[in-house]
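Notes for the structure review
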Amino acid sequence: MLYKVGDIEVWRILEIHEPFLTPEELYPTAGPDVAAIVESYAPGSVCRQSGRMILPIQGFLLKTPYHNILVDSCVGNGKTVPGMPDWHKRSGTRFQSSLKAAGVNFEDIDYVLCTHLHTDHVGWNTQLVDGRWVPTFPNAHYLIPSADEKVHRLGNGDMYLESILPVVEAGQVELVQAGHMLGDHVTLIPTPGHTPGHVSILVGDANCEAVITGDALHSTVQCCYPDWHFKYDSDAEMAVSSRIQLLERVSEAGCIVLGSHFALPSIGRVTREGEAFRWNE
Ligand SMILES: [Zn+2]
């Protein structure tokens, strides 16, 4: 177990921990020293051989007294992602063993909560069985931000066809908006910008005990430089303002922050530092 919020257990479900893209590619507005800055704030997060940032691809499992909730389902196996060779048609076992280590089988998941609809957050929504994509979690309700679903339904690309549509057709999708609550202790909070419907996840009561960032931030260095644009933010300026609001909220509350792509162990707290913020493990 990674952490406990009241009687909710938080488990890391890690699928991939490998170099992704270079800091220069990921943060195009950050200037020529970006790699050195990233390395000084998050030591060891830039791969020495490749110069690429090492990003974990992980979900978080919340085991409440009533439900097993999976927040984000990683890249998945067999998915069509030609633009990302490391994610294309994978056949890994780490995701499944992480769930097993948490004492949970596919059929035990009650809710799958997608912070947004990108390839590395929805992959295990489905698996290939006898040549057909079917929901991996047969008993789960899948909560999906409606603004993202609309964009991808219209786009009708591989990610939608392989990882979303089969779940819609199985009648297991509930389209949700920020503000949606799952029981008394899990709330979707709005952090649009990375995608139109992006949400972060607040775990605990109104005192805000823990937050799962999703892709509102990708590295702890963005606590210090929240205004850096990120390559895959669909509306970069909106993402900056969501990031700053989220950092204000978690620093004022002093709550635990679980950064979906933060360097492992991806857990810490944020404090105010002048105009920006500081990450504390
Ligand atoms: Zn992501």
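This text follows the structure it describes.
To start, this report covers the structure provided alongside it. Values in this document were obtained by computation on a predicted structure and should not be read as measured data.

The next thing to look at is the overall build of the protein chain. Secondary structure summary: the protein chain contains 8 helices and 16 strands in total. Rg of the C-alpha trace for the protein chain: 18 Å, near the compact-globule value of 19 Å for 281 residues, within the 12% margin. Principal axes of the C-alpha set define a box for the protein chain whose edges measure 50 × 40 × 35 Å. Within the protein chain, contacts between residues separated by at least 24 positions form 66% of all contacts whose residues are at least 6 apart in sequence. When the accessible surface of the protein chain is totalled, it reaches about 11800 Å², and 50% of it is carbon and sulfur. With 19 positive and 34 negative side-chain charges, the protein chain shows a separation of 4 Å between the mean positions of the two kinds.

A separate point is the sheet that holds strand β9 (residues 173–176). Picture the strands of a sheet paired through backbone hydrogen bonds; they go either parallel or antiparallel. In spatial order, the strands read β1-β2-β3-β4-β5-β8-β9; together these 7 strands make up an open sheet with mixed pairing. Single-partner strands in this sheet number two, and they are β1 (3–5) and β9. The average undirected angle you get between the axes of adjacent strands in this sheet is 25 degrees. Where strand β8 (residues 141–145) meets β9, 4 bridges bridge the pair, whose relative direction is parallel. When the sheet's bridge partners are listed, Ile144 is paired in β9 with Leu175. In this fold helix α3 (residues 94–101) packs onto β2 (8–19), β3 (54–63) and β4 (68–71), with an angle of close to 160 degrees to the strand it touches most, β2.

We now examine the sheet that holds strand β14 (residues 256–258). Taken in spatial order, the 7 strands make up an open sheet running β10-β11-β12-β13-β14-β15-β16, and their pairing is mixed. This sheet does not close on itself; its edge strands, each paired only once, are β10 (181–182) and β16 (276–280). Pairing between strand β12 (residues 199–203) and strand β13 (residues 210–212): 3 bridges, direction antiparallel. Bridge assignment links Ile201 to a residue of β13, and that residue is Ile212. Helix α8 (residues 236–253) rests against β11 (186–190), β12, β13, β14, β15 (267–273) and β16 of the sheet, and its axis sits at about 100 degrees to β15.

For the rest of this paragraph, the subject is the coordination of the zinc ion. Around the zinc ion, the donor atoms from the protein are Asp120 (OD), His121 (NE2), Asp215 (OD) and His261 (NE2), and they sit 2.1 to 2.2 Å away. Seen from the zinc ion, its 4 donor atoms lie at angles of 85 to 163 degrees, and the figure they make is irregular. One chain supplies every donor for the zinc ion, spaced along it as D-H-x93-D-x45-H. With a gap of 141 residues between them, Asp120 in helix α4 (residues 119–122) and His261 in the loop between β14 and β15 connect regions that are remote in the sequence.

Here we come to the packing of aromatic side chains. By the definition in use, this model includes 12 aromatic pairs. Pairing Phe106 with Phe137 gives two aromatic rings, centres 5.4 Å apart and planes at 85 degrees, and the pair type is edge-to-face. Separated by 31 residues along the polypeptide, Phe106 in the loop between α3 and β5 (111–113) and Phe137 in the loop between β7 (132–135) and β8 bring together distant segments of the chain. Joined through ring pairs, the aromatic side chains of Phe20, Tyr27, Tyr41, Trp87, Tyr225, Trp228, Phe230 and Tyr232 make up one cluster. The ring of Trp133 has Lys79 lying over it, and the distance from NZ or CZ to the ring centre is 4.6 Å.

Moving on, we come to the nonpolar core. Ranked by internal contacts, the top residues of the largest apolar core, which has 43 residues, are Ile109 and Phe137. Residue assignment for this core shows that the elements contributing at least two residues are β2, α2 (34–41), β3, α3, β8 and α6 (158–169). For this core, the element with the highest residue contribution is α6, accounting for 4 residues. Ignoring any residue separated from it by four or fewer positions in sequence, one finds Ile109 in contact with Leu61, Asn68, Leu70, Leu99, Val104, Phe137, Asn139 and Ala140. Counting residues in each nonpolar core, the second largest holds 22 residues, with Leu62, Val176, Leu188 and Ile267 among its members.

Applying the stated criterion across every chain, the model contains 5 salt bridges. Between Glu149 and Arg153 there is a salt bridge, with the nearest N and O atoms lying 3.1 Å from each other. Of the two residues, Glu149 and Arg153 are both situated in helix α5 (residues 146–155); the distance of 4 residues between them amounts to about one turn of the helix. Using a relative accessible area of 4% as the deciding quantity, one classes Glu149 as buried. In this structure, Arg243 and Asp233 form a salt bridge, with 3.6 Å as the shortest nitrogen-oxygen distance. With Arg243 in helix α8 and Asp233 in the loop between α7 (221–224) and α8, the pair connects residues that are 10 residues apart, well separated along the chain. Each of the two residues, Arg243 as well as Asp233, counts as buried.

Quick notes on the rules
Residues numbered from 1 in each chain as written. Predicted model: local features only at pLDDT ≥ 70, side-chain atom pairs only at ≥ 80, totals over all residues. Heavy atoms only, no water. Helix = DSSP H or I, 4+ residues; strand = E, 2+ residues; numbered from the N terminus. Rg over C-alpha atoms; globule rule 2.2 N^0.38 Å. Contact = heavy atoms within 4.5 Å. Areas by Shrake-Rupley, 256 points an atom, 1.4 Å probe, with all protein chains shown as cover. Lys, Arg positive; Asp, Glu negative; His and termini not counted. Charge placed at Lys NZ, Arg CZ, Asp CG, Glu CD. Pairing = 2+ DSSP bridges. Axes fitted to C-alpha atoms, helices over the stretch in contact; angles between N-to-C directions. Donors = N, O, S within 2.8 Å, 3.2 Å for Na, K, Ca; no water. Tetrahedral: all angles 85-135°; square planar, octahedral: opposite > 155°, others 65-115°. Phe/Tyr/Trp six-rings, centres within 6.5 Å; stacked < 30°, edge-to-face > 60°. Lys NZ or Arg CZ within 6 Å of the ring centre and 35° of its normal. Core = buried A, V, L, I, M, F, W, Y, C linked by side-chain atoms within 4.5 Å. Buried < 20%, exposed > 50% of the residue type's maximum accessible area, 1.4 Å probe, protein only. Salt bridge = Lys/Arg side-chain N within 4 Å of Asp/Glu carboxyl O.

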